[in-house]
Amino acid sequence: MPALPAHRHFPSASTGIAALRHAHPGAQTLGRKAQQMINRRSWISRLAMFAAVATAGLALASLPARAADEAPDQFIGRLSTDTLDAIKSDKGIAAGDMGRVIALVDSKIMPNVNFARMTAAAVGPAWRQATPEQQKRLQDEFKTLLVRTYAGALAQVTDQSITVKPLRAQPGDAEVLVRTEVKGKGDPIQLDYRLEKTPGQGSGWKIYNLNVLGVWLVETYRSQFAEQINAKGIDGLIAALADRNAKSAPKKS
Amino acid sequence: MTKPSIPRMFAGGASRLLLLALLAALLAGCASQGPRNPRDPFERYNRSMSRFNEDVDRVLLKPAATAYAQVVPDMVRTGVRNFFANLADLWTAINGGLQLKPQVALDSLARFGVNSTFGLGGLIDVADSMRIDRHREDLGQTLGHWGVPSGPYLVLPILGPSTVRDTAALFVERPSGMVAYIDNEHNRIGLQVLMALEIRANLLRADSVLDGAALDKYSFTRDAFLQRRRSLILDGEDDEPPPDPTTDKK
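Calculation rules
- Every chain's residues receive numbers from 1 upward, in the order its sequence appears when written.
- Whichever chain is written first becomes A and whichever ligand is written first becomes 1, with later ones labelled in order.
- Confidence filtering applies because this is a predicted model: local features only for residues at pLDDT of at least 70, side-chain atom pairs given and counted only at 80 or more, and all residues used for totals across whole chains, interfaces and linings.
- Runs of H or I in DSSP of at least four residues are treated as helices and runs of E of at least two as strands, each being numbered from the N terminus.
- Residues with at least 20 neighbouring C-beta atoms inside 10 Å of their own are called buried, those with 12 or fewer are called exposed, and the rest are partly exposed, where every C-beta is derived from the backbone.
- Placing a C-beta atom from the backbone of each residue, one calls two residues in contact when those atoms lie within 7 Å.
- Take the buried Ala, Val, Leu, Ile, Met, Phe, Trp, Tyr and Cys residues, join any whose C-beta atoms are within 7 Å, and the set you get is a nonpolar core.
- Between the N-to-C directions of two axes lies an angle of 0 to 180 degrees, each axis being a line fitted to C-alpha atoms and, for a helix, fitted only over the stretch in contact.
- For classification purposes, angles smaller than 35 degrees are called roughly parallel, those larger than 145 roughly antiparallel, those between 65 and 115 roughly perpendicular, and all remaining angles oblique.
- Note on residue categories: nonpolar means Ala, Val, Leu, Ile, Met, Phe, Trp, Tyr, Cys or Pro, charged means Asp, Glu, Lys or Arg, and polar means any other residue, Gly included.
- Should DSSP find at least two bridges between two strands, the strands are taken to pair.
- Take the far helix as the reference: if the near one is turned anticlockwise from it by less than a right angle, the crossing is left-handed, and if turned clockwise, right-handed.
- Confidence of the predictor at the level of single residues is given by pLDDT, which spans 0 to 100.
- The span one expects for a helix is its residue count, reduced by one, times 1.5 Å.

A. Just the overall build of chain A, in detail. Check the secondary structure of chain A and you find eight helices and five strands. Reading chain A from its N end, one meets helices and strands in the order α-α-α-α-α-α-α-β-β-β-β-β-α. Taking all 253 residues of chain A together, the buried fraction comes to 54%.

B. Quick peek at the overall build of chain B. Within chain B, the secondary structure is distributed over 11 helices and two strands. Along chain B, helices (α) and strands (β) appear in the sequence α-α-α-α-α-α-β-β-α-α-α-α-α when read from the amino end. Taking all 250 residues of chain B together, 43% fall into the buried category. Within chain B, contacts between residues separated by at least 24 positions form 59% of all contacts whose residues are at least 6 apart in sequence.

C. Looking closely at the environment of A:Val101. Residues and elements named next belong to chain A. Along the chain, Val 101 turns up in helix 5 (residues 98-109). With 23 C-beta atoms packed within 10 Å, Val 101 lands in the buried category. The sequence separation of Val 101 and Ile 87 amounts to 14 residues, and the corresponding C-alpha distance is 9.0 Å. Once residues within four sequence positions are removed from consideration, Val 101 is found in contact with Ile 93, Val 147, Ala 151 and Leu 154.

D. Structural context of the nonpolar core. Counting 65 residues, the largest nonpolar core has A:Val101, A:Ala122, A:Val123, A:Leu154, A:Val178, A:Val218 and A:Leu237 as the members making the most contacts within it. The leading source of residues in this core is helix 8 (residues 217-248) of chain A, at 10 residues. Counting residues in each nonpolar core, the second largest holds 20 residues, with B:Leu61, B:Val80, B:Val104 and B:Phe112 among its members.

E. Examining the packing of helix 6 (residues 115-123) of chain A against helix 8 of chain A more closely. Residue and element names in this part refer to chain A. In the contact formed by helix 6 and helix 8, the axes pass within 7 Å of each other and the chain directions differ by 50 degrees. By the criterion of interaxial angle, the relationship of helix 6 to helix 8 is oblique. Between helix 6 and helix 8, the residues in contact are Met 118, Ala 121, Ala 122 and Val 123 and Val 218, Tyr 221, Arg 222 and Phe 225, respectively. In terms of residue class, the contact of helix 6 with helix 8 is built from seven nonpolar, no polar and one charged.

F. Structural detail: the pairing of strand 2 (residues 175-183) of chain A. All names here are of chain A. Of the strand pairs in this sheet, strand 1 (residues 161-164) and strand 2 are connected by four bridges, and their pairing is antiparallel. For Ile 162, the partnering residue across the bridge sits in strand 2 and is Val 182. Here strand 2 runs beside strand 3 (residues 189-197); their pairing, made up of eight bridges, is antiparallel. Among the inter-strand pairings, Glu 175 is bridged to a residue of strand 3, identified as Glu 196.

G. Region of the structure containing the sheet that holds strand 3 of chain A. A sheet is described by the order of its strands in space; here five strands give the open sequence 1-2-3-4-5 (chain A), paired in antiparallel fashion. The sheet is open, and its two borders are formed by strand 1 and strand 5 (215-216) of chain A, each paired with just one other strand.

H. The packing of helix 8 of chain A against helix 10 (residues 217-233) of chain B, seen in detail. Orientation of helix 8 of chain A relative to helix 10 of chain B, taken along the N-to-C sense of each, is 145 degrees, at an axis distance of 8 Å. As for the relative orientation of helix 8 of chain A and helix 10 of chain B, their crossing is right-handed in sense. When helix 8 of chain A is examined against helix 10 of chain B, the residues A:Glu219, A:Thr220, A:Ser223, A:Gln224 and A:Glu227 are found in contact with a partner set consisting of B:Ser219, B:Phe220, B:Asp223, B:Ala224 and B:Gln227. Here the residues of the contact of helix 8 of chain A with helix 10 of chain B sort into two nonpolar, five polar and three charged.

I. Spatial organisation of the confidence of the model for chain A. Residue and element names in this part refer to chain A. Looking at chain A as a whole, its pLDDT mean stands at 76, while 69% of the residues score no less than 70. Taking the mean pLDDT of every element in chain A, the minimum, 39, falls on helix 1 (residues 16-21) and the maximum, 95, on helix 6. Below pLDDT 50 for its whole length, residues 1-30 participates in 102 contacts with residues either more than four positions away or in separate chains.

J. Region of interest: unusual backbone geometry. Residues and elements named next belong to chain B. If you check the backbone angles, Leu 100 has positive phi at about 55 degrees while not being a glycine. Residue Leu 100 is classed as exposed on the basis of its 11 C-beta neighbours within 10 Å. The phi torsion at Ile 158 lies on the positive side, around 65 degrees, for a residue other than glycine. With respect to the helices, strands and loops of the structure, Ile 158 is situated in the loop between strand 1 (153-156) and strand 2 (160-163). The exposure class of Ile 158 is buried, given the 23 C-beta atoms found within 10 Å.

K. Fine view of helix 8 (residues 185-202) of chain B. Helix length check: helix 8 of chain B, at 18 residues, gives a terminal C-alpha distance of 26 Å against a target of 26 Å (1.5 Å per residue), a fit within 8%. Of all the residues in helix 8 of chain B, the buried ones are B:Arg188, B:Leu191, B:Gln192, B:Met195, B:Ala196, B:Leu197, B:Glu198, B:Ile199, B:Arg200, B:Ala201 and B:Asn202.

L. Spatial organisation of the environment of A:Ile162. All names here are of chain A. Locating Ile 162 in the fold gives a position in strand 1. Accessibility expressed as a C-beta count within 10 Å gives 22 for Ile 162, which makes it buried. Along the sequence, Ile 162 and Pro 188 sit 26 residues apart, while their C-alpha atoms lie 9.4 Å from each other.

M. Main features of helix 3 (residues 74-98) of chain B. Helix length check: helix 3 of chain B, at 25 residues, gives a terminal C-alpha distance of 36 Å against a target of 36 Å (1.5 Å per residue), a fit within 8%. Following helix 3 of chain B by one or two positions, B:Leu100 adopts a phi angle in the positive range, close to 55 degrees.

N. Expanded view of the confidence of the model for chain B. Residues and elements named next belong to chain B. For chain B, mean pLDDT is 81; residues scoring 70 or higher make up 78% of the total. Note that residues 1-13 has pLDDT below 50 and, in this model, 12 contacts with residues that lie over four places away or in other chains. Contacts of residues 244-250 to residues separated by more than four positions or lying in other chains number 10 contacts, the stretch itself having pLDDT below 50. On the interface metric, ipTM, the complex scores 0.74, and its pTM is 0.74.

Here it is as structure tokens:
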């Protein structure tokens, strides 16, 4: 049996909605239709939170990287605050303006993300067989997919705040996990980042994976990407991503 | 506590039938296809069940929930949510106890006590303003906590994503369900329908997000679900990074 966690640092990452899901034991005995819906849908609520928070998460990584000796948890704390402020003060984002969202992502988020590594991890071993051109297209389409998906959630940032939890890492670590909690209405939401120290002076930290409520972003795409690659190769995956993006392009069908 | 009623016995029989049908489908699934994803040997069956569930949602649940959200005022809906969350607190207290987590058990019990009395039977979340933390533990998590493996991924009819372990836990959770102890048949059904509507209504905006995010909705849901369950069992304390095939071999 795996070692059990010694203590809890926070009560529950479930949202008010997700919490309801767990009310289902109370509803088990009858009205199959009713209770069944409950369970099935409750699951979707987690995905919704995942989406919503992943957005916020990516958004949190704002501002260009600063001093090289900044601690990773300080880095995340600074980015979180700054990005939340930027979102709150941008009426275009609140109105769901895709152009504004993309501008925010490009100027604030992307400089702090190793998106090549993120995409590579999601694509898996096939990444190394891809040509540089294919790798670039994969990154572009994947980024578009994430941005489009989460644009709506960004618009809903209002009074949220972020708490960075104490760092559990050695001073020399080149890869660290930074845990945060998003507090707004309802239960706090777990939002963790994996960071890598970028080589060279002054380049600081970059995000290469994101965990919302226990669900890692990269891992959630890995099977889906593998399915496409196994069936139709790298170009098949690029085509599938482009197709998905084209379908979501017109504002909410 | 409850006297067995005919509809309930029927429901029991029906669920047994359902289980049999499920097993048959699983066996058929095994026979017809070699497993590709080790966590999902029943993928074929699971995929068709997911499609069925989506159909049911499209024609029944979603329209009903949409109407519900349009008609019912927000204040009432908050009360509905609180009411069911209060029942869940009691179940969490029991499971917290089973997992030897005194903090969880005590918090949840306190929440249930405070909200059931001062919160008018759970309609108002007084415990929240008293800063008593809310936890969520179910029987599947309790089993996982004590080392029971999740087993393969399993999509249940209408209920949706689950695992073999969590499905087994469901059969125990059913009779323990709190709403089940309401003797009046009409009230009980009414409450369960209400609960379903409230939960579904909360997810109306989530649909389009999921549609836009996934290349393959089925794998997306499965992979996120399995990770989420695991995280719940570990109470979010899982420090291990997920394996990263590309960077390992740089």
